[in-house]
Amino acid sequence: QKKEVRLAMAHAVDWEAACEVAGGLTVEAAQSALASTVFGYEPQGIYEYDPELSKQLLAEAGYADGFEVTCIEEEIPVAVRMLETIQAYFAEVGITMNIEVVDTPTWQEA
């Protein structure tokens, strides 16, 4: 719920590199919260990869020692690879991300 935490998570990841690792040319870093096919889309750019800023923001938010979060993901290989890549980046700034891979109906229910 804290803006600093959301920004810390955004700056903890090299999004272009993560996309390349996860899916090569089939995955592109998001430029907006909206998909480019949605009316009103306007590219905002990609968050700069800055793990030191990420750590600073976490400390300001009261999470200097990091925190743990669980992500539930559908059994889609490229999505799981992306989460595993993000998981490694998060670990570098003290965020422990657990990944739970589930079937589609379970994911939809979650």
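Before reading further, recall that the structure is shown in the block above.
Residues numbered from 1 in each chain as written. Predicted model: local features only at pLDDT ≥ 70, side-chain atom pairs only at ≥ 80, totals over all residues. Heavy atoms only, no water.

### Details of the environment of Glu92
Moving on, step 1. Note that Glu92 resides in helix α4 (residues 77-93).
Moving on, step 2. Taking C-alpha positions, Glu92 is 24 Å from Gln31, a pair spaced 61 residues apart along the chain.
Moving on, step 3. Ignoring sequence-local partners within four residues, the contact set of Glu92 consists of Tyr49 and Lys55. (Helix = DSSP H or I, 4+ residues; strand = E, 2+ residues; numbered from the N terminus. Contact = heavy atoms within 4.5 Å.)

### Considerations on the pairing of strand β2 (residues 95-102)
Moving on, step 1. Sheet topology note: the strand β1 (residues 67-74)/β2 ladder contains 8 bridges and is parallel. Within β2, the position partnered with Thr70 by the bridge is Asn98.
Moving on, step 2. For the handedness criterion, the β-α-β arrangement of β1, α4 and β2 is classed as right-handed. (Pairing = 2+ DSSP bridges. Right-handed = clockwise from strand over helix to strand, strands pointing away.)

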